[in-house]
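Read off the chains here:
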Amino acid sequence: MEFKQLEAFVAVVDYNSFSEAARRLYLTQPTISAHIHTLETELNSRLILRTTKKLSVTDRGYQLYDYAVRMLHMRDHLIEDFTGSQKKVIELGVSTIPSAYLLPELLGAFGKELSDVYFHAWQGDSTGAIQRVLDGSVDLSLVGQKTDDDSCCFLPFCQDVLVLATPVNEHFLRLEPEKVNFQDFLKEPFIMRENGSGTKKEMDLFLEKIGVSSSDLNVVARMNDLESIKKSIVNGIGISILSSCSVKDLAQTRQILLFPLEGPAQARTFYIVYNKNRILKPHVKQFIRFVQNYYIQTESS
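About the thresholds
Residues numbered from 1 in each chain as written. Predicted model: local features only at pLDDT ≥ 70, side-chain atom pairs only at ≥ 80, totals over all residues. Heavy atoms only, no water. Helix = DSSP H or I, 4+ residues; strand = E, 2+ residues; numbered from the N terminus. Buried < 20%, exposed > 50% of the residue type's maximum accessible area, 1.4 Å probe, protein only. Contact = heavy atoms within 4.5 Å. Areas by Shrake-Rupley, 256 points an atom, 1.4 Å probe, with all protein chains shown as cover. Pairing = 2+ DSSP bridges. Core = buried A, V, L, I, M, F, W, Y, C linked by side-chain atoms within 4.5 Å. UniProt positions renumbered as here; feature names shortened; annotations may be inferred. Right-handed = clockwise from strand over helix to strand, strands pointing away. Axes fitted to C-alpha atoms, helices over the stretch in contact; angles between N-to-C directions. Parallel < 35°, antiparallel > 145°, perpendicular 65-115°, else oblique. Nonpolar A, V, L, I, M, F, W, Y, C, P; charged D, E, K, R; others polar. Phe/Tyr/Trp six-rings, centres within 6.5 Å; stacked < 30°, edge-to-face > 60°. Lys NZ or Arg CZ within 6 Å of the ring centre and 35° of its normal. 1 Å grid on protein atoms, 1.4 Å probe; cavity = no way out; pocket = protein on both sides within 12 Å on 5 of 7 lines; lining within 4 Å. Points joined across faces, edges and corners; volume = space filled by probe spheres on them. Arc of directions from axis to C-beta.

Asks: What am I meant to see in the overall build of the protein here?
Replies: Looking only at helices and strands, the protein features eleven helices and eleven strands. For the protein, buried positions account for 48% of its 301 residues. Across the protein, contacts joining residues at least 24 apart in sequence account for 75% of those joining residues at least 6 apart. Summed over all atoms, the accessible surface of the protein reaches about 15,600 Å², with 50% contributed by carbon and sulfur.

Here it is in structure tokens:
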């Protein structure tokens, strides 16, 4: 159960209309219907009875309505108490790399431009963050991959490169980055990211372009947690392909070594993704424009 679902339910009851609830919440009518269906499934109760001519709320629906109104008021008061003012809210999905290495800087800079916006961020892999855009539980997501879903709009906002990260030991220190290629590392113990990660998808594309199958790798571990992979590399367990921004700090302190990947597949793009069928609130649109322009201004300064 999420606040978005409760907001949709309360709006339907308040306005006695799915279409008016959708208009007031800047959502589509199918999204409102999906939120109500999810609540009914989770609570195993019919909440709203709808025919072509009328809409009525069940007894269980009115019971939930009372709880939901109190919960939403408590949330609003909590935000006001902790921030000192009434805030506009942006529900934000974010994948692993943007969450840890891009979002803190973005939010700090955006807060100086528009201080009355409160962010509620959900962090997961790119696939999960995109799914949350599709089901309407977030306003937008920052992710490291794109899909072919026609409902989504993907706006590129930042580029990074993939690198090969290795432990710091005599074997790897003897290698000269300019004179090695990925084929030289095929026998090394390799740590693989789990499916769903944008980095994993870009790595698969890179391997495909250079004619290497994942079965050609000496995979010793599969992990879905980036920090665990980084610590494993530092401790000499294996090597991995990672986003350069995620390991820049460890490379600067010489806890790991970085080797460039050959060819154009080394570049990766991060995207803002939102649902084309959803009406975006003005402050959400402002945040999207800010993120789009932020790295352009940073690179030019």
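Asks: Is there a simple way to explain the pairing of strand β5 (residues 140–143) in this structure?
Replies: Residues in a regular strand project their side chains so that they alternate between the two faces of the sheet. Covered by surrounding structure in β5 are Leu-140 and Leu-142 together with Ser-141 and Val-143, the residues of both alternating faces. Taken together, the three bridges between β5 and strand β11 (residues 267–275) define a ladder with antiparallel strand orientation. Paired with Leu-142 across the strands is Ile-272, a residue of β11.

Asks: Just to check I follow, could you spell out the nonpolar core for this structure?
Replies: Nonpolar side chains in soluble globular proteins tend to end up buried together. Judged by nonpolar contacts, the single largest core of 41 residues is most densely connected at Leu-106, Leu-140, Leu-142, Phe-157, Ile-272, Phe-287 and Ile-288. Beyond its immediate sequence surroundings of up to four residues, Phe-287 is in contact with Ile-90, Leu-92, Leu-107, Phe-110, Phe-119 and Leu-140. Counting residues in hydrophobic clusters, the runner-up holds 22 residues, among them Phe-9, Val-13, Ile-36 and Leu-39.

Asks: Got a minute to help me understand the UniProt feature "domain: HTH lysR-type" (unreviewed entry) in the protein in this structure?
Replies: As annotated by UniProt and renumbered to match this structure, "domain: HTH lysR-type" (unreviewed entry) occupies residues 1–58. Secondary structure within residues 1–58 divides into 60% helix and 10% strand; the distance between the first and last C-alpha atoms comes to 19 Å.

Asks: Can you walk me through the pairing of strand β7 (residues 189–193) in this structure?
Replies: Burial within β7 is extensive, with four of its five residues counted as buried. Both β7 and strand β8 (residues 218–223) contribute to a ladder of five bridges, which runs parallel. Looking across to β8, one finds that Phe-190 is bridged to Val-219. A crossover links β7 with its parallel partner β8, the connecting element being helix α8 (residues 198–209), and its sense is right-handed.

Asks: Got a minute to help me understand the packing of helix α1 (residues 3–15) against helix α3 (residues 29–43) in this structure?
Replies: What describes two packed helices is the angle between their axes and the distance between those same axes. Relative orientation of the contacting elements α1 and α3 amounts to 105 degrees, with a least axis distance of 9 Å. One finds that α1 runs roughly perpendicular with respect to α3. Along the contact surface, α1 presents Lys-4, Gln-5, Leu-6, Ala-8, Phe-9 and Val-12, while α3 presents Ile-32, His-35, Ile-36, Thr-38, Leu-39 and Glu-42. Residues belonging to the contact of α1 with α3 are distributed by class as follows: seven nonpolar, three polar and two charged.

Asks: Help me understand the packing of aromatic side chains, please; the structure alone is not making it clear to me.
Replies: Any aromatic ring pair is given by two values, namely how distant the centres are and how the planes are angled relative to each other. All told, the structure shown has eleven aromatic pairs when counted by the stated rule. For the pair Phe-182 and Phe-206, a centre-to-centre distance of 5.6 Å together with 90 degrees between the ring planes defines the contact as edge-to-face. Pair noted here: Phe-182 is in the loop between α7 (170–173) and β7 and Phe-206 is in helix α8, with a separation of 24 residues, a long-range link. Owing to a relative accessible area of 2%, Phe-182 belongs among the buried residues under this scheme. Given a relative accessible area of 1%, Phe-206 falls into the buried group. Among the aromatic residues, those joined into a ring-pair cluster are Phe-110, Phe-119, Phe-157, Phe-287, Phe-290, Tyr-294 and Tyr-295. Here the basic side chain of Arg-50 rests over the ring of Phe-18, its NZ or CZ set 3.7 Å away from the ring centre. Above the ring of Phe-3, the side-chain terminus of Arg-75 is found at 5.2 Å from the ring centroid.

Asks: Sorry, what's going on with empty space enclosed by the protein here?
Replies: Vacant regions in the atomic arrangement are exposed by a probe of water-molecule size rolled over the atoms. For the structure on display, the rule yields two cavities of 30 Å³ or more. In this structure, the largest cavity occupies an estimated 70 Å³ of space. Ser-95, Thr-96, Ile-97, Ser-197 and Gly-198 are the residues nearest the centre of the largest cavity, which is lined by 13 residues in total. Within the residue set of the lining of the largest cavity, elements represented by two or more residues are α5 (96–113), α8 and β11. Broken down by element, the lining of the largest cavity gets its largest block of residues, three residues, from α5.

Asks: Explain helix α9 (residues 226–234) to me, please; I cannot follow it from the model alone.
Replies: Leu-226, Ile-229, Lys-230, Ser-232 and Ile-233 are the residues of α9 that are buried. For α9, the buried positions fall inside an angular range of 160 degrees around the axis, keeping them on one side. Following α9 by one or two positions, Gly-236 has its phi on the positive side, about 80 degrees.

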